[in-house]
Amino acid sequence: MKKNSRSKKNNNEENNSSSFLLGFFVDYFKPSAYLTSIKEIDLDILKMQGIKLILCDLDNTLVPHFTKFPTKQSIDFVKEAKRKGMKFIVVSNNTKKRVEFFSEKLGISDYVYNAKKPLPFKIGKIIEKMNISPQETVMIGDMLITDTLAANFIHIESILVQPLMDPDKAVNKIIQWFESKVFKKLSKENLIVKSETIKRTIYNEDNEIL
């Protein structure tokens, strides 16, 4: 009888630990939406839902890693966001030289280099500088453990997009390993779906964003 009690207690402890771990992944790594690329982002819906500020990662989100100049797609995306009255800021962990040059070519006057994502401090400061609330802000990026985690730390919405090039060629191996483990965990729990049909589930009244 005592053995059964101990076994039940151990099972309960394991279940509680699993629930805590799952809650951690949901709270800190789950994006508000997951799409193939920025092409799938409906700016009209973002505007309708009150988004006034777009914070966007650079490498592998706007353009493939190591791409020096903005592409037509990235230029059109930024122009359309501005046309709809949204502020657009590049937020990157890359160097000042890289981010400043790219942002100028993109026609962006506000940008954050060496952002140290997922740490939220520089992101929080730029939101305050723009005099826009976190509820009116969205982060777009290709990595859960930098872009999505940073967004969730400061309670802003996030859109995860697939990397524009193989992350193995651009990302530290340890970071890439951890990223893949987190993604696998979220996928296993059906908390993130890698599919082009995702828009049918995220563009609905049950979600605040997308």
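Not measured: the values here are computed from a predicted model.

On to the overall build of the chain, then. For the chain, the count of helices and strands is 8 helices and 6 strands. Scanning the chain from its N terminus toward the C terminus, one meets helices and strands in the order α-β-α-β-α-β-α-β-α-β-α-β-α-α. Within the chain, buried positions represent 41% of all 210 residues. Considering only contacts within the chain whose residues lie at least 6 apart along the sequence, 70% involve residues at least 24 apart.

Residues Ile-41, Ile-54, Leu-62, Phe-88 and Ile-140 are the most contacted members of the largest nonpolar core, which totals 25 residues. If near-sequence neighbours (up to four positions away) are discounted, Ile-54 is found in contact with Leu-43, Ala-81, Met-86, Lys-87, Phe-88, Ile-89, Val-138 and Ile-140. Among the nonpolar cores identified, the runner-up in size contains 16 residues, and Leu-55, Ala-115, Ile-126 and Ile-127 belong to it.

Moving on, we come to helix 3 (residues 72–83). Over its 12 residues, helix 3 extends 16 Å from the first C-alpha to the last, a length consistent with the 16 Å expected when each residue adds 1.5 Å. Restricting attention to buried positions, one finds in helix 3 the residues Ser-74, Phe-77, Val-78 and Ala-81. Take helix 3 and look down its axis: the buried residues cluster within an arc of 95°, on one side only. In helix 3, the exposed positions that point more than 90 degrees away from the buried face belong to Lys-72, Lys-79 and Arg-83.

Across the 5 residues that make up strand 6 (residues 157–161), a large majority, 4, are buried. Traced from strand 5 (residues 137–141) through helix 6 (residues 144–153) to strand 6, the parallel crossover comes out right-handed.

So, about the sheet that holds strand 2 (residues 53–56). On the basis of which strands lie adjacent, the open sheet formed by 6 strands has the order 1-6-5-2-3-4 and parallel pairing. The outermost strands of the open sheet, each flanked by one partner alone, are strand 1 (33–35) and strand 4 (111–112). Set on the sheet, helix 6 makes contact with strand 5 and strand 6; between it and strand 6 the angle comes to about 165°.

This paragraph deals with unusual backbone geometry. For the bond from Lys-117 to Pro-118, the omega torsion is 15°, close enough to zero to count as cis. Relative to the assigned elements, Pro-118 resides in the loop between strand 4 and helix 5 (121–129). The residue Lys-116 is not glycine, and still its phi comes out positive at about 60°. Relative to the helices and strands, Lys-116 resides in the loop between strand 4 and helix 5. A positive phi angle, close to 60°, is found at Asn-131, a residue other than glycine. Residue position: Asn-131 is located in the loop between helix 5 and strand 5. Residue classification places Asn-131 among the exposed residues on the basis of a relative accessible area of 71%.

On to the packing of aromatic side chains, then. Under the criterion given, the structure shown has 3 aromatic pairs. Lying over the aromatic face of Phe-101, Lys-68 brings its terminal NZ or CZ to 5.3 Å of the ring centre. The cationic tip of Lys-122 hangs over the ring face of Tyr-113; the distance from NZ or CZ to the ring centre is 5.8 Å.

When charged atoms on two side chains of opposite charge get close, those side chains can pair. Enumeration according to the criterion identifies 9 salt bridges in this entry. Close ionic contact of Asp-57 with Lys-117 constitutes a salt bridge, the shortest N to O distance being 2.9 Å. Placement of Asp-57 in the loop between strand 2 and helix 3 and of Lys-117 in the loop between strand 4 and helix 5 is noted, with a sequence separation of 60 residues between them. The buried category is assigned to Lys-117, whose relative accessible area is 6%. Note that Asp-76 and Lys-72 form a salt bridge whose closest N and O atoms lie 2.7 Å from each other.

Each regular strand shows side chains that alternate between the opposite faces of the sheet. Taken across its 5 residues, strand 5 has 5 buried, putting it largely inside the fold. Across the two faces of strand 5 the burial is the same, with Thr-137, Met-139 and Gly-141 and Val-138 and Ile-140 all buried. As paired strands, strand 2 and strand 5 are joined by 4 bridges and run parallel to one another. By the bridge assignment for strand 5, Leu-53 is matched with Thr-137. Of the pairings in the sheet, the one linking strand 5 to strand 6 comprises 4 bridges and is parallel in character.

Reading the values: the criteria
- Residues numbered from 1 in each chain as written.
- Predicted model: local features only at pLDDT ≥ 70, side-chain atom pairs only at ≥ 80, totals over all residues.
- Heavy atoms only, no water.
- Helix = DSSP H or I, 4+ residues; strand = E, 2+ residues; numbered from the N terminus.
- Buried < 20%, exposed > 50% of the residue type's maximum accessible area, 1.4 Å probe, protein only.
- Contact = heavy atoms within 4.5 Å.
- Core = buried A, V, L, I, M, F, W, Y, C linked by side-chain atoms within 4.5 Å.
- Expected span 1.5 Å × (residues − 1).
- Arc of directions from axis to C-beta.
- Right-handed = clockwise from strand over helix to strand, strands pointing away.
- Pairing = 2+ DSSP bridges.
- Axes fitted to C-alpha atoms, helices over the stretch in contact; angles between N-to-C directions.
- Phe/Tyr/Trp six-rings, centres within 6.5 Å; stacked < 30°, edge-to-face > 60°.
- Lys NZ or Arg CZ within 6 Å of the ring centre and 35° of its normal.
- Salt bridge = Lys/Arg side-chain N within 4 Å of Asp/Glu carboxyl O.

In short, the description is geometric, and any link to function would need to be established separately.
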